[in-house]
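Remarks on the overall topology
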Amino acid sequence: MHTASTPGAGTPAAGTGENFLATAHRLAALADANAAEHWPSLAKCAADLGLVYLDLAAVLSVGGPPRRPHLERALEAAEQARESLDDGTAVGCSAHTARARLHLALDELELRP
């Protein structure tokens, strides 16, 4: 049986960078557990999503999420990816994670002078 839940992950979108860091740690543990149980697709989804949450932690290290369109879309896509892992199938996890990465990159580009 594969390990698909991210216990205590909650909905970090309303929180601070610290919450995203905690979620990244839980996703790393989930990736390790799924790899050990020979579920490479789930392990990859959890690991890739953990990297997104690390990026979110860096962007949101000060206070709550700023109201920027691409950052909001990144938060939404990351949450959808995490929910797909929680349901045990990870259907859509890769697509949601890729969307989150894309919106994070676009947000970063828009902040440049």
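In this report, the structure presented in the accompanying data block is examined. Just so it is clear, the model here is predicted, and its values are computed rather than measured. (Residues numbered from 1 in each chain as written. Predicted model: local features only at pLDDT ≥ 70, side-chain atom pairs only at ≥ 80, totals over all residues. Heavy atoms only, no water.)

Once that is clear, we can look at the packing of helix H2 (residues 40-59) against helix H4 (residues 93-111). Contact geometry for H2 and H4: axes closest at 10 Å, N-to-C directions at 25°. If you check the angle between H2 and H4, you find them roughly parallel. Relative to H4, the crossing made by H2 is left-handed. Between H2 and H4, the residues in contact are Cys45, Asp48, Leu49, Leu51, Val52, Asp55, Leu56 and Val59 and Cys93, Ser94, Thr97, Ala100, Arg101, Leu104 and Asp107, respectively. When its residues are assigned to classes, the contact of H2 with H4 shows nine nonpolar, two polar and four charged. (Axes fitted to C-alpha atoms, helices over the stretch in contact; angles between N-to-C directions. Helix = DSSP H or I, 4+ residues; strand = E, 2+ residues; numbered from the N terminus. Parallel < 35°, antiparallel > 145°, perpendicular 65-115°, else oblique. Left-handed = near helix turned anticlockwise from the far one by under 90°. Contact = heavy atoms within 4.5 Å. Nonpolar A, V, L, I, M, F, W, Y, C, P; charged D, E, K, R; others polar.)

Leu49, Tyr53, Leu56 and Leu85 are the most contacted members of the largest nonpolar core, which totals 25 residues. Residue assignment for this core shows that the elements contributing at least two residues are helix H1 (17-36), H2, helix H3 (69-86) and H4. (Core = buried A, V, L, I, M, F, W, Y, C linked by side-chain atoms within 4.5 Å. Buried < 20%, exposed > 50% of the residue type's maximum accessible area, 1.4 Å probe, protein only.)

The next point concerns a nonpolar patch on the surface. A surface patch of nonpolar side chains, amounting to about 240 Å² of accessible area, comprises Leu21, Leu51 and Leu54. Relative to the helices and strands, Leu21 resides in helix H1. Among the residues examined, Leu21 registers a relative accessible area of 37% and is labelled partly exposed. (Patch = residues over 30% accessible without salt bridge, like charges linked within 9 Å, V, L, I, M, F, W, Y side chains within 5 Å. Areas by Shrake-Rupley, 256 points an atom, 1.4 Å probe, with all protein chains shown as cover. Salt bridge = Lys/Arg side-chain N within 4 Å of Asp/Glu carboxyl O.)

Enumeration over the complete set of coordinates arrives at six salt bridges. For the salt bridge of Asp48 with Lys44, the shortest nitrogen-to-oxygen distance reads 2.6 Å. With a gap of four residues between them, Asp48 and Lys44 both fall in helix H2, about one helical turn apart. On the accessibility criterion, Asp48 (24% relative accessible area) is partly exposed. A salt bridge links Arg101 to Asp55, with the nearest nitrogen and oxygen atoms 3.3 Å apart. In this pair, Arg101 is assigned in helix H4 and Asp55 in helix H2, connecting sequence segments 46 residues apart.

What follows covers the side chain of Thr97. Its location among the elements puts Thr97 in helix H4. Given the relative accessible area of 5%, Thr97 is considered buried. Residues in contact with Thr97, not counting those within four places in the same chain, are Asp48, Leu49, Val52 and Ala81.

Let us look at the environment of Glu110. By the secondary structure assignment, Glu110 is in helix H4. For Glu110 and His70, which are 40 residues apart along the polypeptide, the C-alpha to C-alpha distance reads 9.0 Å.

What follows covers the layout of surface pockets. By volume, the largest pocket amounts to about 150 Å³. Asp55, Val59, Arg68, Arg101, Leu104, Ala105, Asp107, Glu108 and Leu111 are the residues that line the largest pocket. Looking at the lining of the largest pocket element by element, the count peaks at six residues for H4. Residues of the lining of the largest pocket, tallied by class, amount to four nonpolar, no polar and five charged. (1 Å grid on protein atoms, 1.4 Å probe; cavity = no way out; pocket = protein on both sides within 12 Å on 5 of 7 lines; lining within 4 Å. Points joined across faces, edges and corners; volume = space filled by probe spheres on them.)

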